[in-house]
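Here are the chains, one letter per residue:
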Amino acid sequence: MAATFFHQPAAGLYGLGIDVPSFGSSRIFGKLLSTRLFFNSSHHKLHLVLASISHDSSIESTLILIRHGESMWNEKNLFTGCCDVPLTSRGVEEAIVAGKRISYIPVDLIFTSGLIRAKMTAMLAMTQHHENKVPIIVHDESEQATLWSGVYSEKTTKQSIPVITTWQLNERMYGDLQGLNKKETAEKYGKEQVHEWRRSYDISPPNGESLEMCSRRAVAYFKDFIEPQLKSGKHVMVAAHANSLRSIIMYLDRLTSQEVTSLELSTGIPLLYIYKEGKFSSRGSPVGPTEAGVYAYTQNLAIYRQQLDEMSH
Ligand SMILES: O=C(O)[C@H](O)COP(=O)(O)O
């Protein structure tokens, strides 16, 4: 049995992870049952999370998932994976348009990958939000980094949105394909082979991560750090990548490994989910700054929007 302590101060989460080997299994070390004990400092509550979590039926929270805008390697049609390249000017524009589309959807907390294209997308999108809160990247890589980035005004803190960056939401590691041209690679290895590397669930590109491997870290992170926030009523935006998001959507929409192969995500299109009574429901994508889309609004979102409008008049 192994116990690990972990913390995400910005998310108000401290945890003790205990891995218990499942006895009786022939692969005794192969399967682990994970128990987590969470201390949610913002709510001063201790949560023991064992397999399932009790649901507060009054809580409704929103989850926005957004793939980054066009990157400079998307434009050149290169396999990018974990290479850290910025947005093109078109990608910047996409992020701003995405921001307009979600400008009336509440955001209390932002998670991004560790890669600049996702961070840029989140920050640019938030410049359009009607609540005018300031997204601030949390630096907790060392004690000193935490100390030196302290904010000492309660009022300013209330007007801020913590942005938590984490490698677990990074794009799948594309192995030996990183930096290669997608079209040329298809010509060299055949369209079918390349399609298999790009879209199959459990086949990995040479020396890279399959979607299944990517989902093991991205979905685990989602369950351990993002879901508890939604369950406590926080509204969350996640800015990440085609494949880390495909794996999270596979989990949220309960897609099979077959169904996920045809899931494609465009750059810069925000997707909205509502968390309520222990369930996630997809509400599609908000259409624009003045229109949320027929399926997007819940009553709570409509009230939030009305309050923002009243504040600005
Ligand atoms: O990493 C990349 O090249 C893209 O962001 C995603 O690529 P894919 O569509 O080949 O999975």
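Residue numbers run consecutively from 1 along every chain, following the written order of its sequence. The model is predicted, so local features are restricted to residues of pLDDT at least 70 and side-chain atom pairs to those at 80 or more, both for listing and for counting; the totals for chains, interfaces and linings are taken over all residues. Note: side-chain values were computed over all heavy atoms of the structure, leaving out hydrogens and water.

Some points on the overall build of the chain
Our working rule: For helices the rule is a DSSP run of H or I covering at least 4 residues; for strands it is a run of E covering at least 2, with both sets numbered from the N terminus onward. Here, residues are in contact when the closest pair of their heavy atoms is within 4.5 Å. Where accessible areas are quoted, they stem from the Shrake-Rupley method and a 1.4 Å probe; at the residue level, only the protein chains shown are allowed to cover.
Along the chain, the regular secondary structure elements total ten helices and eleven strands. Considering only intrachain contacts with a sequence separation of at least 6, the fraction spanning at least 24 residues in the chain is 70%. Approximately 16,300 Å² of the chain is accessible, and the part contributed by carbon and sulfur atoms is 54%.

Quick notes on the site of the ligand
Keep this limit in mind: Being near a molecule or strand, for a residue, means having at least one of its heavy atoms within 4 Å of it. The term polar contact refers here to a pair of N or O atoms within 3.5 Å; inside protein, the definition further demands a hydrogen-donor-capable atom paired with an acceptor-capable atom, and it admits residues adjacent in sequence only when both atoms are side-chain atoms. Residue polarity is assigned by list, with Asp, Glu, Lys and Arg as charged and Ala, Val, Leu, Ile, Met, Phe, Trp, Tyr, Cys and Pro as nonpolar; anything else, Gly included, falls into the polar class.
Every residue lining the ligand is accounted for by R67, L78, F79, T80, G81, E171, Y174, K182, R198, R199 and N243. T80 is positioned with one of its backbone polar atoms (N or O) 2.8 Å from an oxygen atom of the ligand. G81 places a main-chain nitrogen or oxygen 2.8 Å from an oxygen atom of the ligand. About the coverage of the ligand: the protein hides 97% of its 320 Å² of free accessible area. For the shell around the ligand, the class distribution of residues is three nonpolar, three polar and five charged.

Some remarks on the environment of W167
Residue placement: W167 occurs in the loop between β8 (160-166) and α6 (182-189). Taking the C-alpha atoms as reference points, W167 and L115, 52 residues apart in sequence, are found 7.7 Å from one another. Here W167 is in contact with G114 and R217, once residues within four sequence places are set aside.

What to know about the pairing of strand β5 (residues 60-67)
Convention followed: Working definition: with a 1.4 Å probe on protein chains only, accessible area under 20% of the residue-type maximum means buried, over 50% means exposed, and in between means partly exposed. Note: two strands are recorded as paired if DSSP finds a minimum of 2 bridges between them.
With respect to burial, β5 is a largely interior element, eight of its eight residues being buried. Side-chain alternation along β5 places E60, T62, I64 and I66 on one buried face and S61, L63, L65 and R67 on a second face that is also buried. The pairing of β5 with strand β10 (residues 270-276) spans seven bridges and is antiparallel. Residue E60 lies in a different strand from β10, and its bridge partner there is K276. With five bridges connecting them, β5 and strand β9 (residues 236-240) associate as parallel partners. Looking at the pairing, L63 lines up with V236 of β9.

Let's talk about a nonpolar patch on the surface
Applied cut-off: Only residues whose relative accessible area exceeds 30% and that form no salt bridge are eligible for patches; like-charged ones are grouped when within 9 Å, while nonpolar side chains (Val, Leu, Ile, Met, Phe, Trp, Tyr) are grouped when within 5 Å. Counted as salt bridges are all cases of a side-chain nitrogen of Lys or Arg within 4 Å of a carboxyl oxygen of Asp or Glu.
Together, V134, I136 and V151 make up an exposed nonpolar region whose accessible area comes to about 210 Å². One can find V151 in the loop between α4 (143-148) and α5 (154-158).

Side note on empty space enclosed by the protein
Over the atoms rolls a probe the size of a water molecule, and its path tells where empty space is left. Rule in force here: Grid spacing is 1 Å over the protein atoms alone, the probe is 1.4 Å, and a cavity is where that probe fits but cannot get out, while a pocket is an open set with protein on both sides within 12 Å along at least five of seven lines and lining residues have an atom within 4 Å of a point. Grid points are joined across faces, edges and corners, and a volume is the space filled by probe spheres set on the points.
Across all of its chains, the model carries one cavity of 30 Å³ or more by this definition. Roughly 40 Å³ of volume is contained in the largest cavity. Every residue lining the largest cavity is listed: K100, R101, S103, Y104, I105, P286, G288, P289, E291, A292, Y297 and R305. In terms of residue class, the lining of the largest cavity is built from six nonpolar, two polar and four charged.

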